[in-house]
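Structural overview for review
Now for the letters of each chain:
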Amino acid sequence: PSGARAGGGWRGERPESPRSRAGDGLQVRWERTREHIEATWFRLLIPAEICERIHSGPMAAISPQTLHALDRHMRELSEFEAATTRLIQLWLQREAVVERIKGAHVLGINDGRLSELTADFSRLDRLGITVVREVGEWAHHFLHLIVDSTRLPATRAAAASRRLRPIFVW
């Protein structure tokens, strides 16, 4: 299944956003959104080039259009965070199954625990496939938020700029 859904967040989660109050004016809403975005950049380690592009674009002036652009960017950051959290949760589930398998003791084919072990192997297989598929979707959908080419040494960055690919390390 595809990751992002129209009108919603990644996998249907509602993206978090700064609270809007009925009496808030444009400047208050814009400033609150900007602060929330900058805090999220820091928490998610968003590449500097993305931050600079938003700073020189929608954060350069206060207007309804730039507020809308900031809202869209905040929604994308929230979707990225939700997708990353989902991957970590899947990995933790997979690791719990691996630990259960490692601790299993089956004495023979007539042992009742064999069916539990077989079910755990099936669960491990399904989780492994799901993790690989979700990492692929995550990497494809959020490539621009994951890969920070500014962290590469200058000589390698120029050569690799066309072939940079994100990875999910666990």
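Keep in mind it's a predicted model, so treat the numbers as computed, not measured.

1. Some points on the packing of aromatic side chains
The geometry of two aromatic rings is summed up by the distance between their centres and the angle between their planes. Going through the model one piece at a time under the given rule, you end up with two aromatic pairs. Ring centres 6.2 Å apart and planes at 15° place the aromatic pair F80 and W138 in the stacked group. Of this pair, F80 sits in helix α3 (residues 64-102) while W138 sits in helix α4 (residues 113-141), and the two are 58 residues apart along the sequence. The exposure class assigned to F80 is buried, which follows from its relative accessible area of 6%. Since its relative accessible area comes to 5%, W138 is described here as buried. Through successive ring pairs, a cluster of aromatic residues spans F80, W138 and F142.

2. Considerations on the pattern of salt bridges
Applying the stated rule across the entire model yields eight salt bridges. Here E95 and R94 are joined by a salt bridge, their closest N and O atoms 2.9 Å apart. Exposure remark for E95: the relative accessible area of 23% places this residue in the partly exposed category. Of the charged contacts, one joins E99 and K102 as a salt bridge, the two residues approaching to 3.3 Å between their closest N and O atoms. In this pair, E99 and K102 both sit in helix α3, three residues apart, roughly one turn of the helix. The class for E99 is partly exposed, based on a relative accessible area of 46%. On the accessibility criterion, K102 (60% relative accessible area) is exposed. Counted as one network, the salt bridges with shared partners bring together E31, R34 and E38.

3. Some remarks on the side chain of T40
Summarising the element assignment, T40 is placed in helix α1 (residues 26-44). A relative accessible area of 0% means that T40 is categorised as buried. Contact partners of T40, with chain neighbours within four places excluded, come to M74 and L77.

4. Points about α4
Along its 29 residues, α4 runs 41 Å from first to last C-alpha, staying within 8% of the 42 Å computed at 1.5 Å per residue. What α4 keeps buried is the set L117, D120, L124, L127, T130, V131, E134, V135, E137, W138 and A139. Elements in contact with the buried residues of α4: α3 and α5 (143-146).

5. Thoughts on unusual backbone geometry
Of note in the backbone geometry, L45 takes a positive phi value of approximately 55° without being a glycine. Mapped onto the elements of the fold, L45 is located in the loop between α1 and α2 (48-56). Judged by its relative accessible area of 60%, L45 falls in the exposed class.

6. Some remarks on the nonpolar core
Inside soluble globular proteins, nonpolar side chains tend to come together where they are buried. Residues W41 and I46 are the most contacted members of the largest nonpolar core, which totals 29 residues. Elements represented by at least two residues in this core include exactly α1, α2, α3 and α4. Ranked by residue count, the leading element in this core is α3, at eleven residues. Each residue touching I46, except ones within four places of it in the same chain, is listed here: W41, C51, L77, F80 and L145.

Cut-offs applied
Think of each chain on its own: its residues are numbered from 1, step by step along the sequence as written. Per-residue local features are limited, in this predicted model, to residues with pLDDT of at least 70; the limit for side-chain atom pairs, both in listing and counting, is 80 or more; totals at the level of whole chains, interfaces and linings are taken over all residues. Heavy atoms from the whole structure form the basis of all side-chain values; hydrogens and water molecules are not counted. Aromatic pairs are defined between Phe, Tyr and Trp rings, using the six-membered ring for Trp, whenever the two ring centres lie within 6.5 Å; interplanar angles under 30 degrees are classed as stacked, those over 60 as edge-to-face, and all others as tilted. Numbering of helices and strands starts at the N terminus; helices are DSSP runs of H or I of at least 4 residues and strands are runs of E of at least 2. For the exposure calls, accessible area comes from a 1.4 Å probe over protein chains only, and a residue counts as buried if that area is under 20% of its type's maximum, exposed if over 50%, partly exposed in between. Here, a salt bridge means any Lys or Arg side-chain nitrogen found within 4 Å of an Asp or Glu carboxyl oxygen. By definition, residues are in contact when any of their heavy atoms lie within 4.5 Å. A helix is expected to reach a length of 1.5 Å times the quantity of its residues less one. Buried Ala, Val, Leu, Ile, Met, Phe, Trp, Tyr and Cys residues that are joined via side-chain atoms within 4.5 Å together make up what is termed a nonpolar core.

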